[in-house]
Amino acid sequence: AGGGPLLPDSVLYEIFLYLDHVDVLSAGLVCRQWHAVARDEFLWKELFYRYYRISREVPRHPAAVSWYDEFQRLYDTIPCVEVQALREHNDQVLHLSFSHSGCLFASCSKDCTVKIWSNELDISLQHSSNMRPYNWSYTQFSQFNSDDSLLLVSGVFVGPHNSSSGEIAVISMENFTLLSRVRNKPYDVFGCWLNETNLISGNLHRIGRITSCSVLWLNNAFQGIESENVNVVKRLFKIQNLNASTIRTVMVADCSRYDSPDLLLDYEEQLAASSTSTCPVFDLGSDSEEEEAKPKQTPEPAVQELPDDGGVTAGDGLQQFFDDIMEGRVRPAMTETELETKVAELFVRNRTKPPELNLLSTDSNSKTKYLIFTTGCLTYSPHQIGIKRILPHQMTTAGPVLGEERRSDEFFDSLDHVIDIHGHIIGMGLSPDHRYLYVNSRAWPRDCVISDPMQPPPIAEEIDLHVFDLKTMKEVKRALRAHRAYTPNEECFFIFLDVSRDFVASGAEDRHGYIWDRHYNICLAKLQHDNVVNSVAFSPVEQELLLTASDDTTIKVWRSPRAVRVQQARKPRPRKLLFSWLMNQKS
């Protein structure tokens, strides 16, 4: 009716039954003439809250002009219609990533290839790179740089004596040649671009049985052609890890985009959005009462202050600690693991560079970026999100190579902010405006106690999708739920999610991909596969196009009902068949 959504009879039936416009017997007849009330705002508002089971306290989407249009958006623009299945991979497909232009996308797989696809009306394979000649076991992650000229590919590298580590390769999109390779440890750091020509990788150094330090490196993508007098790598940060934890899953958020978000998730902030916005000036490492009141954030042990002992230094405290052990003044039940952790905490307290204060000024904030990663402090499973700001002078490999600007006693960098998830983190993704961080996690039991870092608590099958505002460092909305996972802690793997302007999507171990609306916090669609769905990816220029990758070796292409109708309308009519039919009628 007038180009409106093609609603099923069941939906139209509910409209008229609810409003008591007709009785049950005549409902079917009226449904055929539903366009007579198709623009009734009261009707569509009532239907909207009833059909999607949304609380009436939730306001209408700020960009919506009518309830009719909003119902049409949620019904007709969700990419839930399968239009193509790509089967060129011959093993599990682990990750998908679009170029910023939306013209290309890349896929990584257990078959150890990275494939480049052309995103046209019918998607086609453009190139495939096999990484086995470089001793890779499989490819696991990819990311295009900001101008789509380079592709970062992360994989698992098989080293001497079958030891596994990670490696990052940079591929030119002009001729698909391999430009450079960078070691990456552990392999689930994945790696990411900081800017057009520099990427971030990781390395891990063991200090003790459960103590280590992670070093994050800034690498030039063109290492093979640089002069020997020009730095191609520089150390960004060196961070201590306690209780078998490590830094994993690095990504970069651009702070300059916070003041023009695509969608504000806080309803009160939506109402105030018309007023003049201010620059997001705040201190991630502040000790304000507001920040201390947040229940899901705990300070990083490396930046906790020692108790006031009349000027006793950390070194004196360490000596006192050993004296207490020798003279029996500490509890004798302290295990070797607890002792190592205690020594590591005392050691690092006066050997950590303090947070950079008062640097997020109005002038410098637009050039500041945040390095975001998973970490922990209680066990090896990632259960915290660490945030470290990257300043403009750190965004190039020029300058000191190994952090020579530090004093000799400053071994480690402190974190600017830590978010505690209280569960095993299995996925992270940024909104397109970099304002919000979405986190997949599997919760620990309430009030659980971790006594052994090598034995983390059991994790829930239900996956929680948390949302954090990176401008305020607060969790917003309630956690999204619907998807599930079944593997235990020691076998738990990453499930990649993606965020578009209005939707968020995620894979799951229950053989489905899921789509939620970001504003209303409701699940809109389940996308079926034959095995675990590892990754999802929205087109950055067309959120009505979604890709899903699965252990069933396929990549499925999903479009919205509206996009499918538009495509079908563009297809040429079969003139030859029509001509043959006319000739047969004449004869």
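Computed from a predicted structure; not experimentally measured. (Residues numbered from 1 in each chain as written. Predicted model: local features only at pLDDT ≥ 70, side-chain atom pairs only at ≥ 80, totals over all residues. Heavy atoms only, no water.)

Participant: Give me the sheet that holds strand E21 (residues 436–443): which residues, what numbers.
Facilitator: The strand order across the open sheet built from four strands is E20-E21-E22-E23, with neighbouring strands paired in antiparallel fashion. Of all strands in the sheet, those bounded by a partner on one side alone are strand E20 (423–430) and strand E23 (474–475). As paired strands, E21 and strand E22 (residues 463–469) are joined by seven bridges and run antiparallel to one another. What sits directly across from Val439, in E22, is His466. (Pairing = 2+ DSSP bridges. Helix = DSSP H or I, 4+ residues; strand = E, 2+ residues; numbered from the N terminus.)

Participant: Break down the nonpolar core for me, citing the residues and quoting the values.
Facilitator: In terms of nonpolar packing, the biggest core is built from 26 residues, with Phe48, Tyr52, Ile54, Ile515 and Leu546 touching the most fellow members. Those elements that provide at least two residues to this core are helix H3 (41–51), helix H4 (67–76), strand E25 (503–506), strand E27 (522–528) and strand E28 (533–539). Here this core gets five residues from one element, more than from any other, and that element is H3. Every residue in contact with Ile54, bar those within four places of it in the chain, is listed here: Phe48, Tyr49, Tyr520 and Ile522. (Core = buried A, V, L, I, M, F, W, Y, C linked by side-chain atoms within 4.5 Å. Buried < 20%, exposed > 50% of the residue type's maximum accessible area, 1.4 Å probe, protein only. Contact = heavy atoms within 4.5 Å.)

Participant: Could you give an account of the confidence of the model for the protein, naming the residues involved and the relevant values?
Facilitator: Residues at a pLDDT of 70 or more form 70% of the protein, whose mean pLDDT is 80. Low pLDDT, under 50, characterises residues 19–25; the predicted model gives this stretch nine contacts beyond four residues in sequence or across chains. (pLDDT = per-residue confidence, 0-100.)

Participant: Quick rundown of the layout of surface pockets? Include the residues and the values.
Facilitator: Looking at the second largest pocket, its volume works out to about 910 Å³. Tyr187, Asp188, Arg248, Cys492 and Phe493 are, among the 36 residues lining the second largest pocket, the residues nearest its centre. Those elements that provide at least two residues to the lining of the second largest pocket are strand E6 (136–144), strand E8 (164–172), strand E11 (198–206), strand E14 (248–254) and E20. The biggest single contributor to the lining of the second largest pocket is E20, with three residues. Tallied by class, the residues present in the lining of the second largest pocket amount to 17 nonpolar, 11 polar and eight charged. (1 Å grid on protein atoms, 1.4 Å probe; cavity = no way out; pocket = protein on both sides within 12 Å on 5 of 7 lines; lining within 4 Å. Points joined across faces, edges and corners; volume = space filled by probe spheres on them. Nonpolar A, V, L, I, M, F, W, Y, C, P; charged D, E, K, R; others polar.)

Participant: Run through helix H10 (residues 561–570), naming residues and quoting values.
Facilitator: Turning to H10, its buried residues are Pro561, Ala563, Val564 and Gln567. Buried residues along H10 cover an arc of 160 degrees about the axis, so they all sit on one side. Facing away from the buried side of H10 by over 90 degrees, the exposed positions are Ala569 and Arg570. Against the buried residues of H10 lie H4, strand E1 (81–86), strand E29 (542–550) and strand E30 (555–559). (Arc of directions from axis to C-beta.)

Participant: Let's hear about the UniProt feature "repeat: WD" (unreviewed entry) in the protein: which residues, and what values?
Facilitator: This chain's UniProt record puts "repeat: WD" (unreviewed entry) on residues 86–118 and 526–558. A helix fraction of 0% and a strand fraction of 58% characterise residues 86–118, whose end C-alpha atoms lie 12 Å from each other. Secondary structure across residues 526–558 divides into 0% helix and 70% strand, with the first and last C-alpha atoms of the span separated by 11 Å. (UniProt positions renumbered as here; feature names shortened; annotations may be inferred.)

Participant: Pulling in residues and values, what's your account of the environment of Ile78?
Facilitator: Structurally, the position occupied by Ile78 is in the loop between H4 and E1. Sequence separation of Ile78 and Glu544 is 466 residues, and the distance between their C-alpha atoms is 6.0 Å. Discounting chain neighbours no more than four positions away, the residues touching Ile78 are Arg73, Phe503, Ile515, Leu524, Ala525, Arg559, Ser560 and Pro561.

Participant: Explain the sheet that holds E11 residue by residue, including any values.
Facilitator: As summarised here, the arrangement of the four strands in space is E10-E11-E12-E13, forming an open sheet in which the pairing is antiparallel. The sheet is open, and its two edges are formed by strand E10 (192–193) and strand E13 (233–241), each paired on a single side. Alignment of E11 against strand E12 (residues 212–220), held across nine bridges, turns out to be antiparallel. Pairing of Asn203 across the sheet is with Val215, part of E12.

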